[in-house]
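# Working through the structure, step by step
Spelled out, the chains give:
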Amino acid sequence: MNWIKILNFIDGIFPLEEKDLKLGSLYKIKGEDLPFRYIQYSHLKKTDKKTFHFKHHQLKEYVFSDLTKIEREATPEEIRIYNLIKNHVNNI
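Residues numbered from 1 in each chain as written. Predicted model: local features only at pLDDT ≥ 70, side-chain atom pairs only at ≥ 80, totals over all residues. Heavy atoms only, no water.

## As for the pattern of salt bridges
- Considering all chains together, one arrives at 4 salt bridges under this definition.
- The partner of R72 in a salt bridge is E78, and the shortest N-O contact between them spans 2.9 Å. Here R72 matches E78 in class, with each residue buried.
- Among the ionic pairs, R80 bridges to E77, the shortest N-O distance being 2.8 Å. (Salt bridge = Lys/Arg side-chain N within 4 Å of Asp/Glu carboxyl O. Buried < 20%, exposed > 50% of the residue type's maximum accessible area, 1.4 Å probe, protein only.)

## Thoughts on the packing of aromatic side chains
- The tally for this structure, following the rule as stated, stands at 6 aromatic pairs.
- Plain terms: the ring middles of Y27 and F54 are 6.2 Å apart, the flat faces sit at 85° to each other, and that makes the pair edge-to-face. Here the residue Y27 occupies a position in strand β1 (residues 26–29), and F54 occupies one in strand β3 (residues 49–56), the gap between them amounting to 27 residues.
- Note on F54: relative accessible area 0%, which makes it buried.
- Here Y38 and F54 contribute two aromatic rings whose centre-to-centre distance is 5.2 Å and whose plane-to-plane angle is 35°, an arrangement assigned as tilted. Of this pair, Y38 sits in strand β2 (residues 36–44) while F54 sits in strand β3, placing them 16 residues apart in sequence. Comparing Y38 with F54, the two get one shared label, buried.
- A connected cluster of aromatic rings, assembled from ring pairs, spans Y27, F36, Y38, F54, Y62 and F64. (Phe/Tyr/Trp six-rings, centres within 6.5 Å; stacked < 30°, edge-to-face > 60°. Helix = DSSP H or I, 4+ residues; strand = E, 2+ residues; numbered from the N terminus.)

## Some details on the side chain of E32
- You can see E32 is positioned in the loop between β1 and β2.
- Within polar-contact distance, the side chain of E32 engages the side chain of K60 at 3.0 Å.
- Within the local environment of E32, its side chain forms a polar contact with the side chain of Y62, the two groups lying 2.5 Å apart.
- Apart from the residues within four sequence positions on either side, E32 is in contact with K60 and Y62. (Polar contact = N/O pair within 3.5 Å; in protein donor to acceptor, adjacent residues only side chain to side chain. Contact = heavy atoms within 4.5 Å.)

## A closer look at the nonpolar core
- Ranked by size, the top nonpolar core spans 10 residues in total: L21, Y27, I29, F36, Y38, F52, F54, F64, L67 and I70.
- Those elements that provide at least two residues to this core are β1, β2 and β3.
- When near neighbours in sequence (up to four residues on either side) are disregarded, I29 contacts F36, F54, Y62, F64, K69, I70 and E71. (Core = buried A, V, L, I, M, F, W, Y, C linked by side-chain atoms within 4.5 Å.)

## Digging into the side chain of E78
- With respect to the helices, strands and loops of the structure, E78 is situated in helix α2 (residues 76–91).
- Looking at E78, the relative accessible area reads 13%, which means it is buried.
- If sequence neighbours within four positions are ignored, E78 has contacts with K28, P35 and R72.

Laid out in structure tokens, this is it:
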């Protein structure tokens, strides 16, 4: 249990970089109970803005220009819960 706290602390100090994100993987966002799927990265050449798109089923989507609000990759338990509720949430 203490190792998890230490690793979470280290993750908070060293935020994720672009290269660490994997399309289709689940990530925990600050202030959200369930993880969000990383679905798209875009770099708009005219404005030099980077955007990272995260989606939780059909309910909610986040678009960030930086990764400060991304806490970490989802744990196996969070992934399991996400997959259990997937069909129900998509029917809402």
